[in-house]
Amino acid sequence: MDFNMKKLASDAGVFFSRAVQFTEEKLGQAEKTELDAHFENLLAKADCTKNWTEKILHQTEVLLQPNPSVRVEEFLYEKLDRKVPSRVTNGELLAQYMVEAANDFGPGTPYGKTLLKVGETQKRLGGAERDFMHSASINFLNPLRNFLEGDWRTITKERRILENRRLDLDACKARLKKAKAAEAKASAVPDFQETRPRNYILSASASALWSDEVEKAEHELRVAQTEFDRQAELTRLLLEGISSTHVNHLRCLHEFVESQATYYAQGYQYMLDLQKQLGRFPGTFVGNAESTSPPPATTSPTTVAATIPVVPTVGRAPNSATAVEGALNLKDVKPPASGTRKARVLYDYEAADSSELALLADEMITVYSLPGMDPDWLIGERGNQKGKVPVTYLELLS
């Protein structure tokens, strides 16, 4: 108990000494030991790294999970070392709704069939998003979070210790300076011609006491200087490790970009496949074929395609689209003498096979139709190139 009281009193004395030194420095009444320029640059680099890492980490979390309440819930699960419950992504939820709607409307109807196809693609997009979030969390977020919660906390702790060592050093310097001043004053007071020996003895005794105080202060200063130098070297090594942290974060950033590029490439391919599938559905974009009322006048590419003259052929079943496409030899197909039209391509299109013509957005091509062809497709020509093109990708010009 006595030992604890002594330690408590010692700690209180050290704390008071540091508080006095800190206050006097703020008031300009005490000198402060300055760190070298290289050390100050290391400190500035470390603070900059910490601040930007926090911002990048937070904004990446927002990118991966825009819902703030969900982010807070996941944070609490992580702090409690509990498994985060599995959640469906927005794309997967949309896919579920589309499939349910298609079942209600009838999966055999044009609308229901399209809903099923779009829902299937949304489910694949949701799965790709889930994979991207998982990969980004492991390869990018975790390293940033580990730096802030691990290395940076260690650096902060050692910097705090270094600041305390500096305050102790400066306090020792101040005590030594005061002790030397008091010793010099006491040494100047005694007068060997003094008629009262008692005063001379007291002055000599005071000078000896201050001399002992100077020696004690010098010893404390040497100890404080050694501890300060040792702590400064340790802190310097930790701060120089920030460069290694940058290298590690650079590697993590490359992995984040790779996973994001993969995610967007998958999304692009899924949507491209979906566009091709929708373009091959007869009647998907032209309304219900069983409707008895004529379709309203419109300038949509699909409706206008019906007015394009077709090439007359002999010996071919006019209503057999499959037979037409199977027997179609693009090299033998000749455009009609009149009635071909110009069309502007609205979107890029990648040909699925050799019978199709790849398209580039905003280019101009010549188009016409053949008897028995799917109404969602036309024959397109660009120079010596020829092939089937989807009407939904075209803007037919007069």
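Above this text is the structure in question.
None of these values were measured; they are calculated from a predicted model. (Residues numbered from 1 in each chain as written. Predicted model: local features only at pLDDT ≥ 70, side-chain atom pairs only at ≥ 80, totals over all residues. Heavy atoms only, no water.)

S.K.: Before we go on, may I ask you to explain the overall build of the protein in this structure?
M.R.: Counting its secondary structure elements, the protein contains nine helices and five strands. Starting at the N terminus and ending at the C terminus, the protein contains elements arranged as α-α-α-α-α-α-α-α-α-β-β-β-β-β. Burial analysis of the protein (398 residues in total) assigns 32% to the buried set. In the protein, the proportion of contacts linking residues at least 24 apart, taken out of those at least 6 apart, comes to 72%. When the accessible area of the protein is evaluated, it comes to approximately 25100 Å², of which 57% is carbon and sulfur surface. (Helix = DSSP H or I, 4+ residues; strand = E, 2+ residues; numbered from the N terminus. Buried < 20%, exposed > 50% of the residue type's maximum accessible area, 1.4 Å probe, protein only. Contact = heavy atoms within 4.5 Å. Areas by Shrake-Rupley, 256 points an atom, 1.4 Å probe, with all protein chains shown as cover.)

S.K.: What's the story with the packing of aromatic side chains in this structure? I'm lost.
M.R.: This model, assessed by the stated rule, comprises nine aromatic pairs. With 5.3 Å between their ring centres and 25° between their planes, phenylalanine 105 and tyrosine 111 make a pair best called stacked. The exposure class assigned to phenylalanine 105 is partly exposed, which follows from its relative accessible area of 48%. Here tyrosine 111 falls in the exposed class, since its relative accessible area comes to 52%. Between phenylalanine 140 and phenylalanine 256, the aromatic rings sit 4.8 Å apart at their centres with planes inclined by 25°, giving stacked as the arrangement. Of this pair, phenylalanine 140 sits in helix 5 (residues 110-188) while phenylalanine 256 sits in helix 7 (residues 242-279), and the two are 116 residues apart along the sequence. For the residue pair phenylalanine 140 and phenylalanine 256, the accessibility class agrees, reading buried in each case. (Phe/Tyr/Trp six-rings, centres within 6.5 Å; stacked < 30°, edge-to-face > 60°.)

S.K.: Explain the sheet that holds strand 3 (residues 377-382) to me, please; I cannot follow it from the model alone.
M.R.: Note: strands within a sheet are paired through backbone hydrogen bonds, in either parallel or antiparallel orientation. Taken together, the five strands give an open sheet; going across it, the order is 4-3-2-1-5, and neighbouring strands pair in antiparallel fashion. In the strand order of this sheet, the two ends are held by strand 4 (385-390) and strand 5 (394-396), each with one partner. Neighbour-to-neighbour, the strand axes of this sheet turn through a mean angle of 40°, independent of strand direction. In terms of strand pairing, strand 1 (residues 341-345) meets strand 5 through three bridges, oriented antiparallel. What sits directly across from valine 345, in strand 5, is leucine 394. (Pairing = 2+ DSSP bridges. Axes fitted to C-alpha atoms, helices over the stretch in contact; angles between N-to-C directions.)

S.K.: What is the right way to read helix 4 (residues 90-105) from this model?
M.R.: The α-helix advances 3.6 residues per turn, and as a result positions three or four apart in sequence lie on the same side. Taking 1.5 Å per residue, 16 residues should reach 22 Å; helix 4 reaches 22 Å between its end C-alpha atoms and fits that length. Turning to helix 4, its buried residues number three or more, namely Gly91, Glu92, Ala95, Met98 and Ala102. Angular distribution of buried residues about the axis of helix 4 spans 120°; they occupy a single face of the element. Exposed and facing more than 90 degrees away from the buried side of helix 4 are Asn90 and Asp104. Downstream of helix 4 by a residue or two, glycine 106 has a phi angle that is positive, lying close to 110°. (Expected span 1.5 Å × (residues − 1). Arc of directions from axis to C-beta.)

S.K.: Help me out: how do you make sense of helix 2 (residues 37-64) in this one?
M.R.: For helix 2, which comprises 28 residues, the first-to-last C-alpha distance of 40 Å matches the rise-based estimate of 40 Å (1.5 Å per residue) to within 8%. Along helix 2, the positions that sit buried rather than exposed are Phe39, Leu42, Leu43, Ala46, Thr49, Thr53, Leu57, Thr60 and Leu64. Its side-chain oxygen at 3.1 Å from the backbone nitrogen of histidine 38, aspartate 36 defines the N-terminal cap of helix 2. (Polar contact = N/O pair within 3.5 Å; in protein donor to acceptor, adjacent residues only side chain to side chain.)

S.K.: Would you mind going over unusual backbone geometry with me for this structure?
M.R.: Negative phi values dominate among residues other than glycine, just as trans dominates among peptide bonds. In this model, aspartate 362 sits at a positive phi of 75°, which is unusual for a non-glycine residue. You can see aspartate 362 is positioned in the loop between strand 1 and strand 2 (364-368).

S.K.: How should I be thinking about the environment of methionine 373 in this particular structure?
M.R.: Take methionine 373: it is sitting in the loop between strand 2 and strand 3. Sequence spacing of methionine 373 and lysine 388 is 15 residues, and the spatial spacing of their C-alpha atoms is 10.0 Å.

S.K.: Can you help me understand the packing of helix 2 against helix 7 in this one?
M.R.: Axes are the key here: two packed helices are described by the angle between their axes and the distance separating the axes. Viewed as axis vectors pointing N to C, helix 2 and helix 7 meet at an angle of 20°, and their least axial separation amounts to 12 Å. Looking at the two axes, helix 2 sits roughly parallel to helix 7. Crossing of helix 2 against helix 7: the hand is left-handed. Where helix 2 approaches helix 7, its residues Lys45, Ala46, Thr49, Thr53, Thr60 and Leu63 are matched on the opposing element by Ile242, Ser243, His246, His249, Phe256 and Gln260. Here the contact of helix 2 with helix 7 is composed, by residue class, of four nonpolar, seven polar and one charged. (Parallel < 35°, antiparallel > 145°, perpendicular 65-115°, else oblique. Left-handed = near helix turned anticlockwise from the far one by under 90°. Nonpolar A, V, L, I, M, F, W, Y, C, P; charged D, E, K, R; others polar.)

S.K.: For this particular structure, what's the right way to read the side chain of glutamine 231?
M.R.: The topology assignment puts glutamine 231 in helix 6 (residues 197-240). On the basis of relative accessibility, which here comes to 10%, the residue glutamine 231 falls in the buried class. Engagement of the side chain of glutamine 231 in a polar contact is seen with the side chain of glutamate 158, the distance being 2.6 Å. Setting aside anything within four residues of it in sequence, one finds glutamine 231 in contact with Glu158, Ile161, Leu162 and Arg165.

S.K.: How do you make sense of the pairing of strand 4 when you look at a structure like this?
M.R.: Regular strands place side chains that alternate from one sheet face to the opposite one. Note that strand 3 and strand 4 share six bridges and pair antiparallel. Bridge pairing in strand 4 links glycine 380 to glycine 387.

S.K.: Before we go on, may I ask you to explain the nonpolar core in this structure?
M.R.: Grouped burial of nonpolar side chains is what soluble globular proteins tend to show. Counting residues in each nonpolar core, the largest one holds 34 residues, and the members touching the most others are Phe132, Phe140 and Leu239. Of all the elements in the fold, those that place two or more residues in this core are helix 2, helix 5, helix 6 and helix 7. Dropping the residues within four chain positions of it, phenylalanine 132 is found in contact with Leu64, Phe256, Ser259, Gln260 and Tyr263. Formed by 18 residues, the second largest nonpolar core is a distinct cluster that contains Tyr349, Leu359, Ile379 and Val391. (Core = buried A, V, L, I, M, F, W, Y, C linked by side-chain atoms within 4.5 Å.)

S.K.: Looking at this structure, how should I read the pairing of strand 2?
M.R.: Counting buried residues along strand 2, four of its five residues qualify, which places the element largely inside the surrounding structure. Both strand 1 and strand 2 contribute to a ladder of four bridges, which runs antiparallel. The residue bridging alanine 343 from the neighbouring strand is isoleucine 365, located in strand 2.

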